[in-house]
Amino acid sequence: MKLDGTSNYREWAFSVKTILTGHGLASHLTDSPVDKSKDSLAVMACTNDDERVMSDIVTSMEPSLIMSLEHHESAKDMWDYLQGQYIQIFRIVVLFCLH
């Protein structure tokens, strides 16, 4: 499933989070990124995992939406941005439809 905007954000987010949970990587969507300035194997492993999650997010989006994530430097930043964008728009659409 690819994110195509507000029409499927909730389903897409659930799918992505479920897949990442199955791979033990869902914490990258909610936890603060590690301090990359520290040089240790654990930091390098966590950074690699975060980059993998960022790649998963980008490749699960329609091409027309991808560049909106260009300046985000962690999976959590990307996730929070998308959530803010599409949950807010979804609420506005629902309110508009109710009136």
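Whatever comes next refers back to the structure up there.
Just so you know, these numbers come straight off a predicted model, no measurement behind them.

S.K.: In this structure, what is going on with the overall build of the protein? I would like to understand it.
M.R.: Per the secondary structure count, the protein includes four helices and zero strands. Written out in order from the N terminus, the α and β elements of the protein read α-α-α-α. Buried positions account for 29% of the 99 residues belonging to the protein. Look at the contacts in the protein between residues 6 or more apart in sequence, and 55% of them connect residues 24 or more apart. Put simply, the protein shows about 6,600 Å² of open surface, and 58% of that area lies on carbon and sulfur atoms.

S.K.: Explain the nonpolar core here, please?
M.R.: If you look at soluble globular proteins, the nonpolar side chains tend to sit buried side by side. Among the nonpolar cores identified, the biggest contains 20 residues, and L3, W12, I57, M61 and L82 are the most heavily contacted of them. Those elements that place two or more of their residues in this core are α1 (9–22), α2 (41–59) and α4 (75–98). In this view, L3 contacts N8, Y9, W12, S60, M61, E62, L65, L82 and Y86; residues no more than four positions away in its chain are not counted.

S.K.: Mind showing me how you'd approach the pattern of salt bridges here?
M.R.: Summed over the entire model, instances satisfying the criterion amount to two salt bridges. Of the charged contacts, one joins D49 and R52 as a salt bridge, the two residues approaching to 2.7 Å between their closest N and O atoms. Taken as a pair, D49 and R52 lie in helix α2 at a separation of three residues, close to a single helical turn. By relative accessible area, which is 24% here, D49 ends up partly exposed. The partner of K76 in a salt bridge is D80, and the shortest N-O contact between them spans 2.6 Å. A residue pair is termed a helical-turn pair when its members lie 3 or 4 positions apart in one helix, as K76 and D80 do in helix α4 at four residues. Judged by its relative accessible area of 19%, K76 is buried. Under the relative-accessibility criterion, D80 is labelled partly exposed at 32%.

S.K.: What exactly am I supposed to notice about α1 here?
M.R.: Along an α-helix, residues three or four apart share an orientation, since each turn contains 3.6 residues. Over its 14 residues, α1 extends 20 Å from the first C-alpha to the last, a length consistent with the 20 Å expected when each residue adds 1.5 Å. For α1, the set of buried residues is Y9, W12, A13, V16 and L20. Summarising the axial view, the buried residues of α1 lie within an arc of 95 degrees, below the 170-degree limit, and thus occupy one face. Seen from the buried face of α1, the exposed residues on the opposite side, beyond 90 degrees, are R10, F14, T21 and G22. Directly beyond the C-terminal end of α1, a positive phi value near 70 degrees is found at G24.

Conventions and cut-offs
Sequence positions are assigned chain by chain, starting from 1 and proceeding in written order. Local features in a predicted model are, by the rule used here, given only for residues with pLDDT of at least 70; side-chain atom pairs are given and counted only at 80 or more, and totals for whole chains, interfaces and linings are based on all residues. Side-chain metrics rest on all non-hydrogen atoms present in the structure, leaving aside hydrogens and water. Comment: elements are numbered from the N terminus, with helices defined as DSSP H or I runs of at least four residues and strands as E runs of at least two. For the exposure calls, accessible area comes from a 1.4 Å probe over protein chains only, and a residue counts as buried if that area is under 20% of its type's maximum, exposed if over 50%, partly exposed in between. Any two residues having at least one pair of non-hydrogen atoms within 4.5 Å are treated as being in contact. Accessible surface is estimated by sampling points in the Shrake-Rupley manner with a 1.4 Å probe; for residues, cover comes only from the protein chains shown. By convention a nonpolar core is built from buried Ala, Val, Leu, Ile, Met, Phe, Trp, Tyr and Cys residues, the set being connected through side-chain atoms within 4.5 Å. The rule for a salt bridge is simple: a side-chain nitrogen of Lys or Arg has to be within 4 Å of a carboxyl oxygen of Asp or Glu. Every helix has an expected span of 1.5 Å times one less than the residues it contains. Each C-beta atom gives one direction from the helix axis, and the arc is the one those directions make.

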